Amino acid sequence: MWQPDGWDVRVRIGFLTPHADVGPESELRAMAPAEVGLHYARVPFGAMGSGGAMEPTIALAAVRAFAENPQVDRAAELLGAAPVAAIGYAFTSSSYVTGARGEAYLLDRLRERAHGLPVVAPCAAAVEALRGLGVGRIALVDPPWFDETLNELGRGYYEEAGFEVPYAAPCGLPSGQTLITPEDLHDWVAGVVGDAAEAVVIGGNGFRAVGVIQALEATLGRPVLTANQVLLWSALRAAGAGADGVEGYGRLFTEAV
């Protein structure tokens, strides 16, 4: 008699996203089971303008400002007042810039502002996921709007965490969220990733990537992790919900311990 209205969910998770970026919302909703409620708070990001327009290369200063901006703390505080069980920080590049120590400080700070709720981030989640999959060597592919400096900082982040990174580069596709298709991303990654890597990590929460996970894993024969995929996986675990019902988005949800 009654139509679904979104109230009957087994868990609710909140996410902090750049103000003009619809990428994390789109991908997280595509992956999450219907009985998982997703709720978002938007944080000003200086590298994005009206309509989601973005510079071809994002400046490191804008990346730092996003994480340091008191508005991200306020957003976490407001979102944490909602009935959510965990919060995901949907922004990859600040962890590259600050390193794991700076990332840990940020998560502690946001956790305090969010009334003690667990707060997770994509890079820390990727490290946990890779270890859970028994991976030691990765290929790192970042969005085309990450320059070589930011990509090298990403390589350093994973090397500091104990991984070998035989390949790291920004994606060679056109720089623009709406210009990248799953087919093009699949073909580009499949063409550059060599045999040395045991898994592929695709950085950037605004990078359209979750739609190629299953196809890339079939092509390459190894796990593929993306920023929003690992963020959802980690947030579900932090919320005590588990990954039941997530299907078609990689070995992570079935094989990681």
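A brief structural summary. Keep in mind that this is a model prediction, so the values were computed, not measured.

**Considering helix α4 (residues 93-113)**
- Compared with an ideal rise of 1.5 Å per residue, which puts 21 residues at 30 Å, α4 spans 21 Å between its outermost C-alpha atoms and falls more than 12% short.
- Considering bend angle alone, the principal kink of α4 is centred on G99 and spans about 120°.
- The complete set of buried residues in α4 reads S93, S94, S95, Y96, V97, G99, E103, L106, L107, R109 and L110.
- H115 lies just past α4 and shows a positive phi near 65°.

**Concerning the packing of helix α2 (residues 60-68) against α4**
- One way to put it is that α2 packs onto α4 with a least axis distance of 11 Å and a crossing angle of 5°. Considering the angle they form, α2 stands roughly parallel to α4. Mapping the contact onto sequence places L60, V63, R64, A67 and E68 in α2 and S93, S94, V97, L106 and R109 in α4.
- For the contact of α2 with α4, a count of residues per class yields five nonpolar, two polar and three charged.

**Digging into the sheet that holds strand β5 (residues 137-142)**
- The parallel open sheet is built from four strands, whose spatial order is β6-β5-β7-β8. Only two strands of the sheet have a single partner each, and these edge strands are β6 (164-170) and β8 (224-226). Neighbour to neighbour, the strand axes of the sheet diverge by 20° on average, direction disregarded.
- Strand direction decides the pairing type here: β5 and strand β7 (residues 199-202), joined by four bridges, are parallel. Bridge assignment links L140 to a residue of β7, and that residue is V201.
- Contacting β5, β6 and β7, helix α7 (residues 182-192) runs over the sheet at an angle of about 140° to β6.
- Along the sheet, helix α8 (residues 213-220) makes contact with β7 and β8, crossing β8 at roughly 150°.

**Things to note about the packing of aromatic side chains**
- The full count for this structure, using the stated rule, is nine aromatic pairs.
- Through a chain of ring-to-ring contacts, three or more aromatic side chains come together here, namely F45, F66, Y89 and F91.

The rules behind these values
- Residues numbered from 1 in each chain as written.
- Predicted model: local features only at pLDDT ≥ 70, side-chain atom pairs only at ≥ 80, totals over all residues.
- Heavy atoms only, no water.
- Helix = DSSP H or I, 4+ residues; strand = E, 2+ residues; numbered from the N terminus.
- Expected span 1.5 Å × (residues − 1).
- Bend = angle between axes of the 7 residues up to and from the residue.
- Buried < 20%, exposed > 50% of the residue type's maximum accessible area, 1.4 Å probe, protein only.
- Axes fitted to C-alpha atoms, helices over the stretch in contact; angles between N-to-C directions.
- Parallel < 35°, antiparallel > 145°, perpendicular 65-115°, else oblique.
- Contact = heavy atoms within 4.5 Å.
- Nonpolar A, V, L, I, M, F, W, Y, C, P; charged D, E, K, R; others polar.
- Pairing = 2+ DSSP bridges.
- Phe/Tyr/Trp six-rings, centres within 6.5 Å; stacked < 30°, edge-to-face > 60°.

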